[in-house]
Amino acid sequence: MRRVVIENAHVATVSGDEYPGGHIVVEGDRITSVGPGPAPEAGEDGAERIDGTGCLATPGLVNSHHHLYQWASQGLAVDGTLFEWLTTLYKPWSKMDAEVVAGAATAGLGWLAKSGCTTSTDHHYLFPRGRGDLFAAEIEAAREIGVRFHPCRGSMDRGESQGGLPPDEVVEDIDTVLAETEAAIDRYHDPSPGSLLRVAVAPCSPFSVTRDLLVESARLARGKGVRLHTHLAETLDEEEHTREQFGMTPAEYMDSIGWLGPDVWLAHCVHLHDTDVKRLAETRTGTAHCPSSNARLGAGIARVSHLLEAGAAVGLGVDGAASAELVPLAGELRQAIYMQRARYGPTALNARQALEMATLGGARCLGRDDEIGFLAPGALADIALWRVDGFRAAIDDPVVALAFGPTPPLERLLVGGRTVVDGDTLVTVPQDEAGRRGADAHRRLTRLAEEVL
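Residues numbered from 1 in each chain as written. Predicted model: local features only at pLDDT ≥ 70, side-chain atom pairs only at ≥ 80, totals over all residues. Heavy atoms only, no water.

### Focus on the overall build of the chain
No. 1: A count of helical and extended segments in the chain gives 14 helices and 17 strands.
No. 2: The C-alpha atoms of the chain give 21 Å as radius of gyration, which agrees with the globular expectation for 453 residues (22 Å, within 12%).
No. 3: Dimensions along the principal axes, computed over C-alpha positions, put the chain at roughly 70 × 45 × 40 Å.
No. 4: Looking at the chain as a whole, 62% of its 453 residues qualify as buried.
No. 5: Counting only contacts in the chain whose residues sit at least 6 apart along the sequence, the fraction spanning at least 24 positions is 74%.
No. 6: For the chain, the accessible area works out to roughly 16500 Å², and carbon and sulfur atoms hold 50% of it.
No. 7: For the chain, the centre of its 41 positive side-chain charges and the centre of its 64 negative side-chain charges are spaced 1 Å apart. (Helix = DSSP H or I, 4+ residues; strand = E, 2+ residues; numbered from the N terminus. Rg over C-alpha atoms; globule rule 2.2 N^0.38 Å. Buried < 20%, exposed > 50% of the residue type's maximum accessible area, 1.4 Å probe, protein only. Contact = heavy atoms within 4.5 Å. Areas by Shrake-Rupley, 256 points an atom, 1.4 Å probe, with all protein chains shown as cover. Lys, Arg positive; Asp, Glu negative; His and termini not counted. Charge placed at Lys NZ, Arg CZ, Asp CG, Glu CD.)

### Notes on the pairing of strand β10 (residues 228-232)
No. 1: With five of five residues buried, β10 lies mostly within the body of the structure.
No. 2: The two faces of β10 match: Leu-228, Thr-230 and Leu-232 on one face and His-229 and His-231 on the other face are all buried.
No. 3: As judged from the five bridges shared by β10 and strand β11 (residues 264-268), these two strands associate in the parallel manner. Within β11, the position partnered with Leu-232 by the bridge is His-268. (Pairing = 2+ DSSP bridges.)

### A short note on the pairing of strand β9 (residues 200-203)
No. 1: Of the two faces of β9, the one carrying Ala-200 and Ala-202 and the one carrying Val-201 and Pro-203 are both buried.
No. 2: Pairing between strand β8 (residues 148-155) and β9: four bridges, direction parallel. Looking at the pairing, Cys-152 lines up with Ala-200 of β9.

### Quick look at the nonpolar core
No. 1: Core analysis: the biggest nonpolar cluster contains 117 residues, and Leu-86, Trp-93, Leu-109 and Leu-333 have the highest contact counts within it.
No. 2: The biggest single contributor to this core is helix α2 (residues 98-114), with nine residues.
No. 3: Contact partners of Leu-109, with chain neighbours within four places excluded, come to Leu-68, Ser-120, Glu-138, Ala-141, Ala-142, Ile-145, Val-147 and Phe-149.
No. 4: Of all hydrophobic cores here, the second largest spans 21 residues; its members include Val-26, Ile-31, Cys-55 and Ala-379. (Core = buried A, V, L, I, M, F, W, Y, C linked by side-chain atoms within 4.5 Å.)

### A short note on the packing of aromatic side chains
No. 1: All chains considered together, the criterion is met by nine aromatic pairs.
No. 2: Judged by centre distance (6.1 Å) and plane angle (85°), the rings of Tyr-69 and Tyr-125 are edge-to-face. Taken as a pair, Tyr-69 in the loop between β6 (61-63) and α1 (82-93) and Tyr-125 in the loop between β7 (117-124) and α3 (134-145) lie far apart in primary sequence, 56 residues in all. Residue Tyr-69 shares its accessibility class with Tyr-125, and that shared class is buried.
No. 3: Lying across the ring of Phe-127, Arg-153 places its NZ or CZ 3.8 Å from the centre. (Phe/Tyr/Trp six-rings, centres within 6.5 Å; stacked < 30°, edge-to-face > 60°. Lys NZ or Arg CZ within 6 Å of the ring centre and 35° of its normal.)

Right, dumping it as structure tokens:
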């Protein structure tokens, strides 16, 4: 059994105490000891020993919302609102194939790993016909990179002809969606303890999905025992659209069809009313906060501090790379803190709250807070070791050094005790190769889109 011992690090457990000069012991894929001072002696057992001097140890970060395929369409529609951005990009996205998705997912997940991410979800909702198995492509990329993966089988069935936003050629019919989603769950979902792969059901949004699909998707997910995910209340345009179509706010609409609950997490939730905040908290519905994407698209600043005060689960997400180019997940701690303070004042969100959102909060959204997002005996050995020495040593508090400044170098990243990043370099897939695959995916998507114009 693989044994790893980390010593002399400042250990931030998130769920409990912090230990300056503390230790973490890993056996197999689980943590067996966390505490102050040196690790308990275990004899000459061949353990890998990591000197954490000058480092901060945290739980691996959990990315609670993403669109990996968008790595291939970064740098486009850079000055549009969400709806303008979407209507510009639906056309090239409709031409992507499994090769594009594979390259984009490899680069996107490799980039996430380099920013301390050990678990990522992905919301893939576009499935052009005859373009290969896109869902399988991103799952294989996650296996190669070595991160824990929660892909969401997304969908859209409400095109322009039915009052939706997406063009009709990028939507599916409801029977196809439900059949393909059930097949994805049956093939890939692993509910076992320590699972590296779990599937969620994720219709795209209230403005691109029919009521019937939302209702039937919830029925399917709950029958299969998997989680539900969608976008909600990202922009004022969405609220106007939903009020016009349904006579309710987005949150009220989703509540009315049984889409709030402890098995649901929602992306963005920027434009919530007081009653919405209260309702998300009392139904234990999670929120994935994506501050850089919300800023890049001019969507607004989510009421994160209010959700946390109400007791709601809130995680962090980078969102699709095309709406937040090259954003490191660790960088979203800083963005979340600064944006909350810009709107609500200097006590709205602190460093440790942001770290908890990026770890245990995301784990709660994904239903994994019994195994990941914290450092304690019995937890999965998903650990990030950050270098906070050098220039950062002028900051006495290592958690502040992580959360307030630029993302520190990542000394080591363990997923289930296995090294994925070493010395700030991705090692499961050669780092340069991962970047090249992402660039190739961009060039391929551009070429495919041009061929049909």
